[in-house]
Structures are given as structure tokens and as C-alpha cells.
Amino acid sequence: MLKIIILGIVIGIVFYVISTYNRFMTLKNGAEATLGQVKVALKKRLDMLSQLLETVKSYADFEKETFEKITRLRSEVLGVKSPKELSDIEKQSRDIMGNILLTVENYPELKTSELAADLTQSIKNIEDEISRHRYTYNNIVQEFNTMRDTVPSNIVANVFNFTGLDYLEFGEEIQKRPDLNWKR
């Protein structure tokens, strides 16, 4: 009888360890997938900025350096390995967008251009997409880190060497998005 009770406890512990391990892996994989979605959205933003830059170039003698920065960031964004690196690319992308939009503001005929208006609306939509993915990613990270830090799941985390995940932070700039609601 005692052997059956001990066997039941061992089976219960094994089941708990397996299910907790699987939950950690599900959260980790979800975080990685969501981070990948942020990368894709940032690449889309950079593609749109490149198109907007081409539109701006037809109205203004825009710096070659801006185009080179966009090209460099587009190639770097999918190779990013950490949320910190992604945050750095997001900040650089936001700075470029601000510079382009300032140029557009200086040219009223460009501001009313249908192509420029469509591109800026697309960029606004991508901004919203990036915000949603960042929110989802950070929620997954919070759940993962909470499981890692609380009893009894922290025991499983320590046995399998699960380390905390980093939040995806874009800094204060996320609150100061440029107004992309141009009137035609």
C-alpha cells in the first residue's frame, strides 16, 4: 500500500515537471515567434520608409545617408538576436521616419500627394502592428518570468536552467509618434 502511495506521488511529480517544462517551452517559443513578428513589422516599416524616401527625393534633394541607413537597417532587422538589438533598430528607424516627415512637412505639394498620403497611412498601420506585437511579446515575457520566479515552477526552471526573458522596450519615443494623419 505504501509503495502505491509513493508511486502515485512520484508519478504526480513527474507529470507536474513535464507539464511545467512544456508550459515554459510554449511561452519561450511564443515569445520568439512574437519577436519575429516585430522584426517583420519593423522591416515593413523600413520598406515603406524607403518608398516614402523615394517620393520625397523627387521633391527635395534628400541626403544619400538616409537611404543608406534605411538599407542597412533593413538588412539588419531580420538578423537581430535580442530585444535590446531590436529596440536599437526601432529607435534608429523612428529617427529616420521623423527626418523624412519633417522634409515632407516642408513641401506642401508633397504633403497632399496621394502616394505620400497612402505610404504614411501604411506606416501608421505598421506602427499599430508593432505596438500590438510588442504588447503581446511583453505579456508572454511577464508570464514566463513570473513562472520562473514563483514556487513551485521555479524549481523546474532552475533544474532546466531557464533564464529570464528580456522585455522589448522602445523607450519614450513610442509615446511621441509623429502625426501621420495628413489631409489630402
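Presented here is an overview of the structure given in this document.

Parameters and conventions
Residues numbered from 1 in each chain as written. Predicted model: local features only at pLDDT ≥ 70, side-chain atom pairs only at ≥ 80, totals over all residues. Heavy atoms only, no water. Phe/Tyr/Trp six-rings, centres within 6.5 Å; stacked < 30°, edge-to-face > 60°. Helix = DSSP H or I, 4+ residues; strand = E, 2+ residues; numbered from the N terminus. Buried < 20%, exposed > 50% of the residue type's maximum accessible area, 1.4 Å probe, protein only. Polar contact = N/O pair within 3.5 Å; in protein donor to acceptor, adjacent residues only side chain to side chain. Contact = heavy atoms within 4.5 Å. 1 Å grid on protein atoms, 1.4 Å probe; cavity = no way out; pocket = protein on both sides within 12 Å on 5 of 7 lines; lining within 4 Å. Points joined across faces, edges and corners; volume = space filled by probe spheres on them. Nonpolar A, V, L, I, M, F, W, Y, C, P; charged D, E, K, R; others polar.

Two aromatic rings, taken as a pair, are described by how far apart their centres are and by the angle between their planes. Enumeration according to the criterion identifies 6 aromatic pairs in this entry. Geometrically, the ring pair formed by F24 and F144 is edge-to-face, given 5.2 Å between the ring centres and 75 degrees between the ring planes. Placement of F24 in helix 1 (residues 2-57) and of F144 in helix 5 (residues 114-149) is noted, with a sequence separation of 120 residues between them. Since its relative accessible area comes to 0%, F24 is described here as buried. Within the aromatic cluster, the residues linked to one another by ring pairs are Y21, F24, F144, F160 and F162.

Quick look at the environment of H133 now. If you trace the backbone, H133 turns up in helix 5. Sequence spacing of H133 and Q37 is 96 residues, and the spatial spacing of their C-alpha atoms is 6.7 Å.

In this section: the side chain of T34. Along the chain, the position of T34 falls in helix 1. Look at T34 and you get buried, because its relative accessible area is 6%. Within polar-contact distance, the side chain of T34 engages the backbone oxygen of G30 at 2.8 Å. In this structure, T34 is in contact with H133, T136, Y137 and I140, ignoring residues within four places of it in sequence.

Here the focus is the layout of surface pockets. Summary: where empty space remains is shown by rolling a probe the size of a single water molecule over the atoms. For the largest pocket, the calculated volume is near 250 Å³. Along the walls of the largest pocket sit 14 residues, with K28, E32, P83, Y137 and L165 positioned nearest its centre. Elements with a minimum of two residues in the lining of the largest pocket: helix 1 and helix 5. Of all the elements, helix 1 adds the most residues to the lining of the largest pocket, at 4 residues. Taken together, the residues that form the lining of the largest pocket break down as 7 nonpolar, 3 polar and 4 charged.

The analysis is restricted to geometry; functional conclusions fall outside its scope.
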